[in-house]
Amino acid sequence: MKLGIVGLPNVGKSTLFNAITNAGAQSANYPFCTIEPNVGVVAVPDSRLDKLAEMYEPEKYTPATIEFVDIAGLVKGASKGEGLGNQFLANIREVDAIVHVVRCFENDDIIHVDGSIDPKRDIDTINVELILSDMDVLDRRIDKTMKLLKGDKKYQAELDFFKRVKEALDEGKPARSVECTPEEAELLSTVSLLTNKPIIYAANLSDSDFQDGSADGNPYFAVVKEIAEAEHAGVLPICAEIEAEISGMKPEEKEMFLSEMGLQQSGLDRLINACYDLLGLISYLTAGKPEVRAWTITKGTKAPQAAGKIHSDFERGFIRAEVVAFDDLMNCGSMAAAKEKGLVRSEGKEYVMKDGDIVLFRFNV
């Protein structure tokens, strides 16, 4: 999974990126300090994998990973090539989802590019540039559909739908805000629209707004929540300053620090969970002495396709999947005990994988 972190200059975007990836992207109090997209790969925290490692003492421990791309700051006119606009748009096309960092804190020492704190204006600034880019793409698709319609009337419904999406874009609304049937959603996915990408608004708050979970008391955060709900987008309160502070701590120090702040998880953990939910992702696990490993799949994936994540031969020659639920294995204490109790199931090609399934695939090629 590749996530693009975007935002206006000086909203805390690169500070957050540095904190969650420890990749050392330059962070400074001026626009465009991130010119090339910095990339950081982080492990997806999964306590189930840790428990399996304790049980099997494997030679190799492989968590799922997420790639974060810190994309250059955006200014008005990006869709026309202003600033680093063309590069920004090209980079954002390559990501699976967008994490849009929105400034929701006051700080006289950090200059806002537009001179004041206004989350709606900031979100609109980036959305407008993405919408303008999308309108060009959609216009070309509408022209193509109109030509097809001349020879085949079945394209009328497609044309009507694309015109409805265009109307939303004309009104300054992102494509993801358009109500769609499952068939229309599938059709929309065939057009490479930036504003149809899943998005999480990361509302960057001050550390004082985070203490005792008082984020809802921040009026700027309330604005971001309202926008996210209207767009069918995710929203996450986060504090880049806190993330920067804990990024270099040892696990026990981090846990104590978060506990004192009244927080259960780090911002990174919450961001990853939110992205998994947004994209409809789950993890299944494989375990043994050679390796314990987490594999990321979409909800609804059947066993053969899940096996294909490991190797295409596993899917091609799929026979069955031997599956045990994580909790059942932990309660039994060993795979042998789970088998004795009849908790290890033999599942066929129609089995839909569940989050936390521990699987051994049988195949023959």
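The residue numbers shown here count from 1 along each chain, following its written sequence. Selection of residues for local features in this predicted model requires a pLDDT of at least 70, selection of side-chain atom pairs for listing and counting requires 80 or more, and totals for whole chains, interfaces and linings are taken over all residues. Neither water nor hydrogens contribute to the side-chain values; these are computed over all heavy atoms in the structure.

Here's the deal with the overall build of the protein chain
Selection rule: Helical segments are the DSSP runs of H or I of at least four residues, strand segments are the runs of E of at least two, and each set is numbered from the N terminus. Each residue gets one of three labels from its accessible area relative to the maximum for its type: buried under 20%, exposed over 50%, partly exposed in between, using a 1.4 Å probe on protein chains only. Only the protein chains shown count as cover for residues, and the accessible areas themselves come from Shrake-Rupley with a 1.4 Å probe.
Scanning the protein chain for helices and strands turns up 15 helices and twelve strands. The 365 residues of the protein chain split such that 48% are buried. Of the roughly 17,800 Å² of accessible surface on the protein chain, 49% is carried by carbon and sulfur atoms.

Digging into the pattern of salt bridges
Defined as follows: The salt bridge definition used is simple: a Lys or Arg side-chain nitrogen within 4 Å of an Asp or Glu carboxyl oxygen.
Within this structure, the stated rule accounts for 17 salt bridges. A salt bridge links K13 to D70; its shortest N-O distance comes to 2.9 Å. You can see K13 sitting in helix α1 (residues 13-21) and its partner D70 sitting in strand β4 (residues 65-70), a full 57 residues away along the chain. The exposure classification of K13 matches that of D70, with both residues buried. Between E158 and R141 there is a salt bridge, and its shortest N-O distance comes to 3.6 Å. With E158 in helix α5 (residues 156-170) and R141 in helix α4 (residues 119-151), this pair connects stretches of sequence that are 17 residues apart. Taken as a pair, E158 and R141 share a single burial class, namely buried.

Re the sheet that holds β4
What counts is decided by this rule: In this analysis, strands are considered paired if DSSP registers two or more bridges between them. For helices, the fitted line uses only the C-alpha atoms of the stretch in contact; every axis is such a line through C-alpha atoms, and the angle between N-to-C directions lies from 0 to 180 degrees. We call two residues contacting when some pair of their heavy atoms lies within 4.5 Å.
The sheet built from six strands is open, its strands ordered β2-β4-β1-β5-β6-β7 with mixed pairing. Each edge of the sheet is formed by a strand with only one pairing partner; in this case those strands are β2 (38-43) and β7 (234-238). Averaged over all pairs of adjacent strands, the angle between strand axes in this sheet comes to 25°, irrespective of strand direction. Strand contacts of α1: β1 (2-6), β2, β4, β5 (97-103) and β7, with the helix running at about 155° to β4, the strand carrying the most contacts. Sitting on the sheet, helix α8 (residues 219-231) touches β5, β6 (199-204) and β7, and the angle it makes with β7 is about 160°.

Here's the deal with helix α2 (residues 47-56)
Put simply, the test is: Summarising the geometry, the arc corresponds to the directions from the helix axis toward the C-beta atoms. Counting of polar contacts relies on pairs of N or O atoms within 3.5 Å, with two restrictions inside protein: one atom must be capable of donating a hydrogen and the other of accepting it, and residues adjacent in sequence are counted only when both atoms are side-chain atoms.
When we look at burial in α2, the residues that qualify are R48, L49, L52, A53 and Y56. When α2 is viewed along its axis, its buried side chains cluster within an angular range of 140° and face the same direction. Packed against the buried residues of α2 are β3 (60-62), β8 (281-286), β9 (291-298), α14 (326-332), α15 (335-340) and β12 (357-363). Sitting at the amino-terminal end of α2 is D46, which places a side-chain oxygen 3.0 Å from the backbone nitrogen of R48. Once α2 ends, the next one or two residues include E57, with phi positive near 45°.

Notes on the layout of surface pockets
As a reminder, the rule being used: Cavities and pockets are found on a 1 Å grid laid over the protein atoms alone: a cavity is a set of points where a 1.4 Å probe fits but cannot escape, a pocket is an open set with protein on both sides within 12 Å along at least five of seven lines, and a lining residue has an atom within 4 Å of such a point. Grid points are joined across faces, edges and corners, and a volume is the space filled by probe spheres set on the points. Classes in brief: Ala, Val, Leu, Ile, Met, Phe, Trp, Tyr, Cys and Pro nonpolar; Asp, Glu, Lys and Arg charged; the others, Gly included, polar.
Looking at the largest pocket, its volume works out to about 760 Å³. Taken together, 30 residues line the largest pocket, and the ones lying closest to its centre are P45, K254, S266, L268 and D269. Those elements that provide at least two residues to the lining of the largest pocket are α1, β2, α2, α9 (240-246), α10 (251-260) and α11 (267-279). Across the lining of the largest pocket, the residue classes break down as 15 nonpolar, eight polar and seven charged.

Section: the packing of α4 against α8
Keep this limit in mind: Angles below 35 degrees are treated as roughly parallel, those above 145 as roughly antiparallel, those between 65 and 115 as roughly perpendicular, and all remaining angles as oblique.
Running from N to C, α4 and α8 cross one another at 40°; their axes reach a closest spacing of 9 Å. Judged on the interaxial angle alone, α8 and α4 are oblique. Contacts between α4 and α8 pair P119, K120, I123 and N127 from the former with Y220, V223, V224, I227 and E231 from the latter. Across the contact of α4 with α8, the residue classes break down as six nonpolar, one polar and two charged.

Quick word on the packing of α4 against α5
The condition is simple: Note on convention: near helix rotated counterclockwise from far helix by under a right angle means a left-handed crossing. Clockwise means right-handed.
Here α4 crosses α5 at 160°, and the two axes come no closer than 10 Å. As far as their axial angle goes, α5 and α4 are roughly antiparallel. Here the hand of the crossing between α4 and α5 comes out left-handed. From α4, I131, D134, M135, L138, D139, R141, I142, T145, M146 and L149 reach across to α5, where they touch Q156, E158, L159, F162, K163, V165, K166, L169 and D170.

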